[in-house]
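Summary of structural features
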Amino acid sequence: MDLFEDIGLSGKQHKNFVNILKQSMKADRAELLKWCNGFPDRDNKLVTEFQTTFNSNFWEIYLYALFKEIDFKMDWSYSRPDFLLEYKGNNVVVEATISESAVGKTPEWEKDLSKGIPDRFKDMNMDSIIRLSNSINKKYIKYKSSYSKLEHVRPNPFVLAVAPFEQPHFNLQCEVPIMALLYDFYVDEDAYNDAPHLFPNGPPDVRLGWVEKDNGTEIPLGLFESDDYSEISAIILSTTATWGKIEAMSGNCEIQRAVSSVWWSEVDNKPIQRHSMTNQNKENVRDGLYVFHNPYAKKPIDPDMFKLDGVTQVFVDSDTKRITKERNGFCLMHRQTINFVSES
């Protein structure tokens, strides 16, 4: 399957797809094709949808590459949901979804790095929480109305794999919005940046209870703080599973490219910055992956399933509400690639 085959869609192609057709990105495209190798096109629409909608298909290809790297067995006997995995003889169902920009909001592909990166995060985080909530709830309704009735789904843990593509600079949010949405645990970075001397232990965490949409509707937080979403066993999320990961992994020598990244070090108990050129960069598919476990899950997944280098797992005690993060090795929090010469 050639994702870049010319199938006569000129003028209808997604801006992200058009951007990666540059001659200098040949090695990057080859890296994506490696990710995609063996991925079955079950409805014969993958190439068309990848070229016209891009992000949702890119996320599915990433998940396939992730599960392949972890060496999970994938069963393609069923047309839906997206993935049926086998781990230690047990099945786990994974459904993929993304969050996108609301109508009238700036789409993620209009990011302008020449203006620098934001230094205020609350508005960005609130928007992300709302869009993530919409995506998760749509899939949860789909599970209850449809997927849960399928014989290969009903007895097994159900995991949602969510990627936020809802705004420019979405890659800066790390786990902050999803932690607020799932556990009502919001890290107030703006408060810390405004007065770091008041917070010697780092940015304060607060309980918001809810966030408000533009139309005044209140979105409740803490989806995993009761059994209301107990059919969702866990949520997988990555804000680093972007085209930037392709660029960071491809070793492309045709273009001058720098990689700036931030990793959490358990040894130093703090974030560590790294800077490198592409051909010196060390990053794999699972770096930057988060797994958020539902303490009320009817069918929890085995935590050992994702106990891997580079993966962060989040657990909450349903009684004490104590949050525990299990980080394995250096964990990628943020990465930005910079192409110094852009070829048309």
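The text that follows walks through the structure, step by step, so that each part is easy to find. (Residues numbered from 1 in each chain as written. Predicted model: local features only at pLDDT ≥ 70, side-chain atom pairs only at ≥ 80, totals over all residues. Heavy atoms only, no water.)

Looking at the packing of helix α2 (residues 26–36) against helix α4 (residues 55–70)
Any two packed helices are characterised by the angle at which their axes cross and by the distance between the axes. The criterion, for reference: A fitted line through C-alpha atoms represents every axis, and for helices the fit uses only the stretch in contact; the resulting angles, taken between N-to-C directions, go from 0 to 180 degrees. By definition, any uninterrupted DSSP run of H or I lasting at least four residues is a helix, any uninterrupted run of E lasting at least two residues is a strand, and each is numbered from the N terminus. Only heavy atoms matter for contacts: two residues are in contact if any of them lie within 4.5 Å across the pair. Under the convention adopted here, Pro, Cys and the residues Ala, Val, Leu, Ile, Met, Phe, Trp and Tyr are nonpolar, Asp, Glu, Lys and Arg are charged, and Gly plus all remaining residues are polar.
Here α2 crosses α4 at 65 degrees, and the two axes come no closer than 8 Å. Of the residues in α4, those touching α2 at L32, K34, W35 and C36 are F58, I61, Y62, Y64, A65 and K68. Residues belonging to the contact of α2 with α4 are distributed by class as follows: 8 nonpolar, no polar and 2 charged.

A look at the side chain of N57
Summarising the element assignment, N57 is placed in helix α4. In contact with N57, other than residues within four places in its own chain, are L46, E49 and F50.

Focus: the side chain of S261
Basically, it comes down to this: Residues adjacent in sequence count toward polar contacts only when both atoms are side-chain atoms; beyond that, a polar contact is any pair of N or O atoms within 3.5 Å, and within protein one must be able to donate a hydrogen and the other to accept it.
Residue position: S261 is located in strand β10 (residues 257–265). Side-chain polar atoms of S261 contact the side chain of W263, separated by 2.8 Å. Discounting chain neighbours no more than four positions away, the residues touching S261 are I272, Q273, R274, L332, H334 and R335.

Regarding the pairing of strand β11 (residues 270–277)
Rule in force here: Paired strands are those between which DSSP finds at least two bridges.
Pairing geometry for β10 and β11, over 8 bridges, is antiparallel. Following the sheet pairing, S260 is matched in β11 by H275. Between β10 and β11, which follow one another and run antiparallel, lie 4 residues, and N269 among them has a positive phi close to 55 degrees.

Here we look at the nonpolar core
Threshold: Buried residues of nine kinds, namely Ala, Val, Leu, Ile, Met, Phe, Trp, Tyr and Cys, make up a nonpolar core once their side-chain atoms join them within 4.5 Å. Working definition: with a 1.4 Å probe on protein chains only, accessible area under 20% of the residue-type maximum means buried, over 50% means exposed, and in between means partly exposed.
By size, the foremost hydrophobic cluster in this structure holds 49 residues, and its most contacted members are L32, W59 and F306. Among the elements of the structure, α2, α3 (46–52), α4, β2 (83–87), β3 (90–100), β4 (158–165), β9 (234–237) and α8 (243–250) are those that each provide at least two residues to this core. Among the elements that line this core, the one with the most residues is α4, at 10 residues. If near-sequence neighbours (up to four positions away) are discounted, F306 is found in contact with I70, F72, I236, L289, V291, I301, V311, Q313 and N328.

Honestly, that's just the spatial picture; any functional story needs more than this.
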